[in-house]
Amino acid sequence: MPGGRLTQQERQQIALGLADGLAYAEIARRLDRPTSTVTREVMRNGGPTAYRAESAHRATERRAHRRKPSATSRGAEALPQAHGRDAEAVGAYEETLTAVLMGSGMPTMMSRVMATLTLTDSGSLTAAELVQRLQVSPASISKAISFLESQSFVRRERDERRRERYVVDDDIWYQSMIASARSIAQIVETARQGVGVLGSGTPAGVRLENVARFLDYVAESSVRAAEQARAILHTKSQAPSGDEVEPESE
C-alpha cells in the first residue's frame, strides 16, 4: 500500500535489494513505493551499507512511540502553510532532505536542523523556534548549531529584538565549500610533511605524495568552480526594466 507505513516484510525486501546492488528507484518500483520513501528509509537507518531490516523496524516503532505524547503539538504544525503549500508534502520532503544530508555524512541532528532552516522562507530561526519545530532539547540545538557553524553551513545574527538567529542564505554553500577546501589544504600540508619524515623514495612517502597531489588538485578545482558559480549565479540585474537605456538610433 503506497501511502501506508513500511511493513517489516517490505524492509526485508529493501535489505535484499541493497545486498543485490539495486538502485533505490528499482527497489521502490518493486515495492510500488515512491523512490523518496525508500531513500528516506535507508538513510535514516544506517545508509546502504549498514541498513538492517530488523533494526530499522524496531527503530521506527521507537520513533512512533516517542511521537505519541507530542501529537497535539505536531498537529499544530500541520496547519496550512504560506503560499498554499501542502503541509504533509512539505513534511515528507523535509524528511527526504534530512535523509540525503545524513547520507552525505552529516550527523542526524545537524541534518535535521539544516533541513529545517533551509525550508523556511526567511532562511533563519531562533533556538527556541528550532526546539519547538523539532521537539528536541535546547542542548541538542546548541550542539547542532556549533557543528554547522564550524563547517560554515550557518551563521549567527541578531534581530531587532536582540535575539540570536541562525541563518542560511544563498552564500552558505559557497562558504561551506571554501571552508572544506581549507580543511583539505591542511591535509595536503600534513601529507607533505609526512613525505619528509618517511622519505620521498619509500612506498609510504610516495603514497603520501600522491595523496597530497590529488587533494591539492581537488581543493584548487573546487575553489575555482565555487568562485565561478558564485560570480554567475549571484550576478544582480544591471537595472530594472523601467530604467533600461534604449539603444541610440543610427
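Up top is the structure.
Now for a look at the structure at hand. (Residues numbered from 1 in each chain as written. Predicted model: local features only at pLDDT ≥ 70, side-chain atom pairs only at ≥ 80, totals over all residues. Heavy atoms only, no water.)

### A few points about the overall build of the protein
Tallying secondary structure elements over the protein gives eleven helices and three strands in all. Secondary structure elements of the protein, listed N to C terminal, follow the sequence α-α-α-α-α-α-α-β-α-α-β-β-α-α. For the protein, buried positions account for 32% of its 250 residues. Residue pairs in contact within the protein that sit at least 24 positions apart in sequence constitute 52% of those at least 6 positions apart. As displayed, the protein has an accessible area near 16200 Å², and 53% of this comes from carbon and sulfur atoms. (Helix = DSSP H or I, 4+ residues; strand = E, 2+ residues; numbered from the N terminus. Buried < 20%, exposed > 50% of the residue type's maximum accessible area, 1.4 Å probe, protein only. Contact = heavy atoms within 4.5 Å. Areas by Shrake-Rupley, 256 points an atom, 1.4 Å probe, with all protein chains shown as cover.)

### Remarks on the sheet that holds strand β2 (residues 155-158)
With antiparallel pairing, three strands are arranged side by side in an open sheet as β1-β3-β2. Only two strands of the sheet have a single partner each, and these edge strands are β1 (124-126) and β2. Strand after strand, the sheet turns through a mean of 35° between neighbouring axes, direction not considered. Across four bridges, β2 lies against strand β3 (residues 164-167) in antiparallel orientation. (Pairing = 2+ DSSP bridges. Axes fitted to C-alpha atoms, helices over the stretch in contact; angles between N-to-C directions.)

### Structural notes on the side chain of serine 111
Along the chain, serine 111 falls in helix α7 (residues 108-118). Every residue in contact with serine 111, bar those within four places of it in the chain, is listed here: Thr98, Leu101, Met102 and Met106.

### Structural notes on the nonpolar core
Judged by nonpolar contacts, the single largest core of 22 residues is most densely connected at Val113, Met114, Leu117, Leu130, Leu148 and Val154. Within the residue set of this core, elements represented by two or more residues are α6 (87-103), α7, α8 (127-134) and α9 (138-150). The next biggest cluster of nonpolar side chains, apart from the first, holds 13 residues, and it includes Ile27, Leu31, Val38 and Tyr51. (Core = buried A, V, L, I, M, F, W, Y, C linked by side-chain atoms within 4.5 Å.)

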